[in-house]
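Read off the chains here:
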Amino acid sequence: MWAYIGRRVLQAAPVLLGISIITFVLIYYLPADPARMYAGPSATVETVERIRHRLGLDQPLWVQYTRYMERVLQGDLGFSYRKQTAVTELILNRIPYTLALTFGGVLVELIIGLPVGIASAVARGRWMDRLGMFIALLGVSAPPFWLGLLLLYWLGFRVPIFPLGGAGSLAHLVLPALTAGLGGAAWYARMMRSSTLDILSTDYVRTARAKGLSTRGTIIRHVLPNALNPIITMAGMDIPWFIGGVVLVERVFDWPGLGRLAVEAIETVDVPLILGTVIVTSIIVVFSGILIDVVQALADPRIRHSRLAASG
Amino acid sequence: MTVTQLDPSREERSETSAANLTAPYVERAPVEVGYFARVWRRLRRDRSAMVGGVLVALIVAAALLAEILAPYDPAEQFRDGLTPDGQPVPSTLMDGRARFLLGTDANGRDLLSRILHGARVSLLVGVLANALAVTIGTLIGSVAGYFGGRLETLLMRFTEIMMAFPTLLLAMTLVAILKPSVWIIIVVIGAVYWTWIARVVYGQVVALRDRDFVTAARALGAGRRFILFRHILPQLVPTIIVWGTLGIATNVMIEASLSYLGIGVQPPTPSWGGMIQQGQSFYRTAPWLVIFPGLSIMTTVFAFNLLGDGLRDALDPVQSGKL
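Residues numbered from 1 in each chain as written. Chains lettered and ligands numbered in written order. Predicted model: local features only at pLDDT ≥ 70, side-chain atom pairs only at ≥ 80, totals over all residues.

Caption draft 1: Quick peek at the overall build of chain A. When helices and strands are tallied, chain A shows 13 helices and zero strands. Reading the secondary structure of chain A in the N-to-C direction produces α-α-α-α-α-α-α-α-α-α-α-α-α. Taking the principal axes of the C-alpha coordinates as reference, chain A spans close to 85 × 60 × 30 Å. In chain A, which comprises 312 residues, the share counted as buried stands at 38%. Across chain A, contacts joining residues at least 24 apart in sequence account for 71% of those joining residues at least 6 apart. (Helix = DSSP H or I, 4+ residues; strand = E, 2+ residues; numbered from the N terminus. Buried ≥ 20, exposed ≤ 12 C-beta atoms within 10 Å, placed from the backbone. Contact = placed C-beta atoms within 7 Å.)

Here it is in structure tokens:
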């Protein structure tokens, strides 16, 4: 298992390298002048040029890139022009909030999505199935920031149960987590329904039913373990989108996470901060992908054996 | 991955009419014609797909006829469009007729007119960005899948890197660098969204390239490009149609998200996401500023999703389990 994990981490290195190069090149061609941003609007031309030289911005692209990567590998993501703080520090402060929101969102996805999907499959073709799938398709189609504002209006303002934004307590997390998770829940419900239907039509389920196993028993003993695999695969493909959703949710609820930081960085053309947030979120995406592959291998002995064989 | 097959035999049997029961199978019309005729027949029987299709037609009509349908100029600021203390006016009836059917926004502009005009931007971006994404994705996926070798490794590695970018963040960065305009947004969304299509197409082409009909064509001396365009790409048509529809839904959503974050379509051009962003600070006193543009986004995305799901079932009933 460890050999497999090690191999996956090594495979991730070129992907991350590619991401850093693409982002760096994109930002290099940014029309805004980072030295001027750093110096401020009232600085003289000489000051700007001195800063440009000091920051190494007068160097060719590849020199700037290798210097940047040398520092990144030592954990130094540079210095934010606008916030006058180390980028690493800014990002580290935000990560716990984004992780809390992600965790809450995924919990909402699973707690709502999986049971609805199973119930729909069991009641296939009946009104409950149709209603469930209709709502699920609406949920997939609703913009998350809009859902968030509706939740804020009804559960924060009209019926003041939850705070109107910000962070600090568990109550602050409820609405953002619901918003981040509802769209995904609808998606998982659809996936879970079709995967449950596939499993319900297999021979081993027919055999189980024939020997007298109840519907509930069939679901717990046969459907859940077998449906897990495609669901985990889905989760892996979902991550980059989920993080996109988190960016929007953080904006709606003024949640002080990584996504908000990224939006602020892009709005103020804070080059080191843009680079830092894009690279760190990409690292999170890539490593969540590895984590999901590992979880999948642990959950499914067939995959575990084939992957172990490949890495041995 | 299972391959989409244009296999006529299954449904052919069930739909054979009494008149040609005696006719031998081989004398039927060419497969292509029959295939799409049957797809259309299946689609027409699918009630939710038809609802989606009708909704899509209505939304397209609303966008095309916005000039005629909109009661007012979307940019006109009405003096009676704001309350005496400068607040947006809700939908109210005056002399049995609505002055502003959906109310006004914070600048005293008619919300309904702005929503109708907003449909133009949403559809324009959704359709064109998706056309671009499908083109790039099909090209990269099929070239990588068919030619194989070093090209395959290179292209699929690149796809993998692009997939690891958080989609929305990448789009935001690109738009911010290139300065937001409708055309830039179309290009950027197309440039970040093609990866999914490339992966799907790649999987199908890899499964197709060693099939007997490809080997037969090669044995007859057909060139690689000829085989790719004449034998492989036509097999991908169902996939392209399905993604060409479902992708519009996703791209309408991405455009709305970018505009909501203020990095998308810029005022004064009315866009649904931008309208929600501007209405957000009034959501307590004037919730309609958020509710109606959001409903428009949801209905549009919903309609394309319904139609796309229906098309997938109709184009490939075997794989989607409806047969």
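There is more to say after this.
Caption draft 2: View of the overall build of chain B. Counting its regular elements, chain B contains 13 helices and two strands. Out of the 323 residues belonging to chain B, those deemed buried represent 44%. In chain B, 73% of the contacts between residues at least 6 apart in sequence involve partners at least 24 apart.

Caption draft 3: Broad picture of helix α7 (residues 144-158) of chain A. In this model, α7(A) (15 residues) spans 20 Å end to end at C-alpha, consistent with the 21 Å of a helix rising 1.5 Å per residue. Maximum bend of α7(A): about 25 degrees, positioned at Leu152(A). The elements touched by buried residues of α7(A) are α8 (170-200) and α10 (215-253) of chain A together with α11 (237-260), α12 (272-279) and α13 (288-315) of chain B. (Expected span 1.5 Å × (residues − 1). Bend = angle between axes of the 7 residues up to and from the residue.)

Caption draft 4: Spotlight on unusual backbone geometry. Note that the residue after Pro267(B), namely Pro268(B), is joined by a cis bond; omega there is 10 degrees. Despite not being glycine, Gln84(A) has its phi angle at roughly 50 degrees, a positive value. Within the secondary structure layout, Gln84(A) lies in the loop between α4 (61-73) and α5 (87-122). By C-beta crowding, Gln84(A) is classed as exposed, having 8 other C-beta atoms within 10 Å. A positive phi angle, close to 55 degrees, is found at Asp254(A), a residue other than glycine. Here Asp254(A) is to be found in the loop between α10 and α11 (258-267). Of the residues examined, Asp254(A) has 13 C-beta atoms within 10 Å and is grouped as partly exposed.

Caption draft 5: Quick peek at the interface of chain B and chain A. Contacts between the two partners involve 34 residues from chain B, matched on the other side by 34 residues from chain A. Those elements giving two or more residues to the side of chain B that touches chain A turn out to be α6 (149-164), α7 (167-178), α11 and α13 of chain B. Taken together, the residues of the side of chain B that touches chain A sort by class into 26 nonpolar, six polar and two charged. (Nonpolar A, V, L, I, M, F, W, Y, C, P; charged D, E, K, R; others polar.)

Caption draft 6: Highlighting the packing of helix α1 (residues 2-28) of chain A against α6(B). Axis separation between α1(A) and α6(B) bottoms out at 9 Å; the angle between their running directions is 70 degrees. Judged by the angle between their axes, α1(A) and α6(B) are roughly perpendicular. Residues Val15(A), Gly18(A) and Ile19(A) of α1(A) lie in contact with α6(B), whose contacting residues are Glu160(B), Ile161(B) and Ala164(B). Of the residues that constitute the contact of α1(A) with α6(B), the class distribution is four nonpolar, one polar and one charged. (Axes fitted to C-alpha atoms, helices over the stretch in contact; angles between N-to-C directions. Parallel < 35°, antiparallel > 145°, perpendicular 65-115°, else oblique.)

Caption draft 7: How the structure looks around the confidence of the model for chain B. Residue and element names in this part refer to chain B. Here chain B averages 82 in pLDDT, and 86% of its residues register 70 or above. Within chain B, the element-level pLDDT minimum falls on helix α1 (residues 9-14), averaging 44, and the maximum on helix α5 (residues 111-147), averaging 93. Every residue in residues 1-20 scores below 50 in pLDDT, and together they form 22 contacts with partners more than four places removed in sequence or on other chains. Here the predicted complex scores 0.84 on pTM and 0.85 on ipTM. (pLDDT = per-residue confidence, 0-100.)

Caption draft 8: Spatial organisation of the environment of Phe302(B). By the element assignment, Phe302(B) lies in helix α13. The sequence separation of Phe302(B) and Val56(B) amounts to 246 residues, and the corresponding C-alpha distance is 9.2 Å. Aside from chain neighbours lying at most four places away, what touches Phe302(B) is Leu137(A), Leu138(A) and Ser141(A).

Caption draft 9: Geometry of α11(B). Residues and elements named next belong to chain B. The first and last C-alpha atoms of α11 sit 34 Å apart over 24 residues, in line with the 34 Å expected at 1.5 Å per residue. By the criterion of burial, α11 is predominantly enclosed, with 21 of the 24 residues buried. At the C-terminal side of α11, Gly262 shows a positive phi close to 80 degrees.

Caption draft 10: Structural detail: the nonpolar core. Residues and elements named next belong to chain B. Membership of the largest hydrophobic core comes to 152 residues, with the highest contact counts inside it found for Ala171, Met172 and Ile189. If you tally residues by element for this core, the top one is α13, at 16 residues. Each residue touching Ala171, except ones within four places of it in the same chain, is listed here: Val188, Ile189, Val192, Ile254 and Leu258. (Core = buried A, V, L, I, M, F, W, Y, C linked by C-beta atoms within 7 Å.)

Caption draft 11: A look at the environment of Trp187(A). Here Trp187(A) shows up in helix α8. Sequence-wise, Trp187(A) and Glu109(A) are 78 residues apart; in three dimensions their C-alpha atoms are separated by 8.4 Å.

Caption draft 12: Spatial organisation of the confidence of the model for chain A. Scored by pLDDT, chain A has a mean of 85; 97% of the residues are at 70 or more. The secondary-structure element of chain A with the lowest mean pLDDT is helix α13 (residues 301-311) of chain A, recorded at 69, while α5(A) shows the highest, at 91.

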